[in-house]
Amino acid sequence: MNWIEKIEDNFSLIKKIVFVTGAGISHESGIPTFRGKDGLWRNHDAMKLATIDAFNENPQFVWEWYNERRKNIFESFPNKGHQAIAELQELFDVVVLTQNVDGLHKKAGSRNVYELHGDIITLRCTNCDFIEENFSEFSEFPPKCRCGSILRPNVVWFGESLPQQVWRNSIIHASESDLMIIVGTSLVVSPANTLPLIAKENGSILMEINPEKTEMSAEMDFSIQEKSAKFLPEFVNELKKIKSRK
Ligand code: APR
């Protein structure tokens, strides 16, 4: 049975579709992945850039790297994959649980987005936790909060916990999903990589969209080796066709 037949057979039961996305969905927007062939962690030491210890040791160095990533992201736009997910929310209860910090799901119009690893757009004070929303360029490095302390990227670094409310809600949505689409993630980082198992335990159909197999491909009902910007519009069109036949 292929994925279209499986979804058609279960269509009346599919009310909530949950997407779990990673860097791969933004690859076709010009944003590098972390572990793919051009991946950021292939050319940089994550432990020297994406940990609180690295930041405390050399905030200037970490900020210069994040500022380069922010510039790339400010010049990027949602691709057909992000847009297809946003379009699907007109037909179903759609929730997006993303590991990405680029804000492209929201930019594409997705309304129910949970940013598991924070976002690179806003900045957070290392002292008073003030969130600075509008930093596009810096007059000084590292940027300072109005309280005088250093601002940091509002992302979750290795070894840090996910925002509690975001994680709690993500588990709930995963357990309530009737269909979970896992897009553009190597599924090697915890706890995000537990979400498909939570969904599966609760009877969800699992589909993985990734040009490469991942460590969890065997857990999927369907593992589709395609690029997301190509596959997701086709996926949404098929669901529209099935819905029109019902
Ligand atoms: N469409 C779909 N998938 C793609 C595409 C594409 N066009 N291009 C690449 N991919 C896949 C790659 O095959 C890879 O499996 O996207 C995946 C990206 O994996 P990673 O680079 O490991 O990114 P991700 O899974 O999001 O990393 C998780 O690790 O470093 C931390 O916090 C960082 O959120 C990140 C987390």
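Residues numbered from 1 in each chain as written. Predicted model: local features only at pLDDT ≥ 70, side-chain atom pairs only at ≥ 80, totals over all residues. Heavy atoms only, no water.

Asker: How should the packing of helix α5 (residues 80–88) against helix α9 (residues 228–245) be read in this particular structure?
Answerer: Packed helix pairs are characterised by how far apart their axes lie and by the angle those axes make with each other. Viewed as axis vectors pointing N to C, α5 and α9 meet at an angle of 25°, and their least axial separation amounts to 7 Å. With respect to each other, α5 and α9 are oriented roughly parallel. For the crossing formed where α5 meets α9, the hand is left-handed. On α9, the residues touching Lys80, Gly81, Ala84, Ile85, Glu87 and Leu88 of α5 are Ser228, Ala229, Leu232, Pro233, Phe235, Val236, Leu239 and Lys240. Of the residues contributing to the contact of α5 with α9, the split by class is nine nonpolar, two polar and three charged. (Axes fitted to C-alpha atoms, helices over the stretch in contact; angles between N-to-C directions. Helix = DSSP H or I, 4+ residues; strand = E, 2+ residues; numbered from the N terminus. Parallel < 35°, antiparallel > 145°, perpendicular 65-115°, else oblique. Left-handed = near helix turned anticlockwise from the far one by under 90°. Contact = heavy atoms within 4.5 Å. Nonpolar A, V, L, I, M, F, W, Y, C, P; charged D, E, K, R; others polar.)

Asker: Just to check I follow, could you spell out the packing of aromatic side chains for this structure?
Answerer: For any two aromatic rings, the description comes down to two numbers: the centre-to-centre distance and the angle of the planes. All told, the structure shown has ten aromatic pairs when counted by the stated rule. Both rings, one in tryptophan 65 and one in tyrosine 66, keep their centres 5.0 Å apart while their planes meet at 85°; by these two values the pair is edge-to-face. Here tyrosine 66 falls in the buried class, since its relative accessible area comes to 3%. A connected cluster of aromatic rings, assembled from ring pairs, spans Phe34, Trp41, Phe55, Trp65, Tyr66, Trp157 and Phe158. Taking the ring centre of phenylalanine 77 as reference, the NZ or CZ of lysine 107 above it sits at 5.5 Å. Above the plane of the ring of phenylalanine 92 lies lysine 243, whose end atom (NZ or CZ) is 5.5 Å from the centre. (Phe/Tyr/Trp six-rings, centres within 6.5 Å; stacked < 30°, edge-to-face > 60°. Buried < 20%, exposed > 50% of the residue type's maximum accessible area, 1.4 Å probe, protein only. Lys NZ or Arg CZ within 6 Å of the ring centre and 35° of its normal.)

Asker: In this structure, what is going on with the domain arrangement of the protein? I would like to understand it.
Answerer: The extent of an interface is frequently quoted as the accessible surface area lost upon association of the parts. Domain boundaries assigned for the protein yield domain 1 (1–30 + 78–117 + 161–246) and domain 2 (32–75 + 120–155). Distance from the C-alpha centre of domain 1 to the C-alpha centre of domain 2: 27 Å. Across the boundary between the two partners, domain 1 contributes eleven residues, which contact 13 residues of domain 2. When the buried surface of domain 1 facing domain 2 is broken down by residue, Ala23, His27 and Val101 rank first, second and third, together holding 44% of it. In this structure, the connection of domain 1 to domain 2 is made through zero salt bridges. The interface formed by domain 1 and domain 2 contains three residue pairs in polar contact (both at pLDDT 80 or more). Residue composition of the side of domain 1 that touches domain 2, grouped by class: four nonpolar, five polar and two charged. (Domains from an automatic or database assignment. Buried area = accessible area lost by both parts, 1.4 Å probe. Salt bridge = Lys/Arg side-chain N within 4 Å of Asp/Glu carboxyl O. Polar contact = N/O pair within 3.5 Å; in protein donor to acceptor, adjacent residues only side chain to side chain.)

Asker: Explanation requested: the environment of leucine 97 in the structure shown.
Answerer: Structurally, leucine 97 can be placed in strand β2 (residues 93–98). For leucine 97 and valine 20, which are 77 residues apart along the polypeptide, the C-alpha to C-alpha distance reads 4.8 Å. With sequence-adjacent residues up to four places away left out, leucine 97 is seen in contact with Val18, Phe19, Val20, Thr21, Tyr114, Ser170 and Leu195.

Asker: Hey, could you run me through the site of the ligand in this one?
Answerer: Around the ligand, a shell composed of 23 residues is seen, among which Glu28, Arg35, Trp41, Thr185 and Ser186 lie nearest. Residue alanine 23 places a main-chain N or O atom 2.8 Å away from an oxygen atom belonging to the ligand. At 2.7 Å, a side-chain N or O of glutamate 28 approaches a nitrogen atom of the ligand. With the chains in place, 94% of the 730 Å² that the ligand exposes on its own is no longer accessible. (Near = heavy atom within 4 Å. Areas by Shrake-Rupley, 256 points an atom, 1.4 Å probe, with all protein chains shown as cover.)

Asker: Please explain the pairing of β2 as it appears in this structure.
Answerer: Of all six residues in β2, five are buried, a share of seventy percent or more. Pairing between strand β1 (residues 16–21) and β2: six bridges, direction parallel. Paired with phenylalanine 19 across the strands is valine 96, a residue of β2. Sheet topology note: the β2/strand β3 (residues 113–115) ladder contains three bridges and is parallel. (Pairing = 2+ DSSP bridges.)

Asker: Explain the side chain of threonine 122 here, please?
Answerer: Position of threonine 122 relative to the elements: it lies in strand β4 (residues 118–125). Residue classification places threonine 122 among the buried residues on the basis of a relative accessible area of 10%. At 3.0 Å, the side chain of threonine 122 forms a polar contact with the side chain of asparagine 154. Once residues lying within four places of it in the same chain are set aside, the contact partners of threonine 122 are Ile131, Glu132, Glu133, Pro153 and Asn154.

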